[in-house]
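Architecture at a glance
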Amino acid sequence: MREYIEFRSAARDAWKLANWQMYVSGLNTDASPPTAHITVDNRLGAAISLADQTRETLKRILT
């Protein structure tokens, strides 16, 4: 997540980056949304490309 936030270089993320430990301590990464959802790995160098993740997700949704 930090890698992505650093990469996008958005001004709104300055506080997050400067206070990273405080920011991530407030996140609940163990809980899933209470509805159908997908998890996308958008890290640079992810094992499965975004294009392939998108194709697989669309296959699941459309079949």
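None of these values were measured; they are calculated from a predicted model.

1. Points about the overall build of the protein
Assigned secondary structure in the protein consists of 4 helices and 0 strands. Overall, the protein shows an N-to-C arrangement of helices and strands of α-α-α-α. Over its C-alpha atoms the protein spans a radius of gyration of 15 Å, topping by over 25% the 11 Å that the globule rule assigns to 63 residues. Projected onto the principal axes, the alpha-carbon positions of the protein cover approximately 45 × 25 × 20 Å. Every one of the 63 residues in the protein was classed for burial, and the buried ones make up 13%. In the structure as shown, the protein presents an accessible area of about 5,400 Å², 58% of it carried by carbon and sulfur atoms. The protein carries 8 positive and 7 negative side-chain charges, and their two centres are separated by 4 Å.

2. Section: the side chain of Asp13
Its location among the elements puts Asp13 in the loop between α1 (2-8) and α2 (14-18). Leave out the neighbours within four places in its chain, and Asp13 touches Ile5 and Arg8.

3. Some words on unusual backbone geometry
For residues besides glycine, phi is generally negative; the peptide bonds are generally trans as well. With phi around 50 degrees, Ser9 is a residue other than glycine that occupies positive phi space. Residue placement: Ser9 occurs in the loop between α1 and α2. Exposure remark for Ser9: the relative accessible area of 60% places this residue in the exposed category.

4. Some points on the side chain of Thr57
Position of Thr57 relative to the elements: it lies in helix α4 (residues 50-62). Taking the relative accessible area as the measure of exposure, Thr57 reaches 12% and is therefore buried. Within the structure, Thr57 has its side chain in polar contact with the backbone oxygen of Gln53 (distance 2.9 Å).

5. Topic: the confidence of the model for the protein
With 100% of its residues at a pLDDT of 70 or more, the protein shows a mean pLDDT of 91. Element-level pLDDT for the protein is lowest in α1, with a mean of 90, against a maximum mean of 97 in α2.

What counts and how
Residues numbered from 1 in each chain as written. Predicted model: local features only at pLDDT ≥ 70, side-chain atom pairs only at ≥ 80, totals over all residues. Heavy atoms only, no water. Helix = DSSP H or I, 4+ residues; strand = E, 2+ residues; numbered from the N terminus. Rg over C-alpha atoms; globule rule 2.2 N^0.38 Å. Buried < 20%, exposed > 50% of the residue type's maximum accessible area, 1.4 Å probe, protein only. Areas by Shrake-Rupley, 256 points an atom, 1.4 Å probe, with all protein chains shown as cover. Lys, Arg positive; Asp, Glu negative; His and termini not counted. Charge placed at Lys NZ, Arg CZ, Asp CG, Glu CD. Contact = heavy atoms within 4.5 Å. Polar contact = N/O pair within 3.5 Å; in protein donor to acceptor, adjacent residues only side chain to side chain. pLDDT = per-residue confidence, 0-100.

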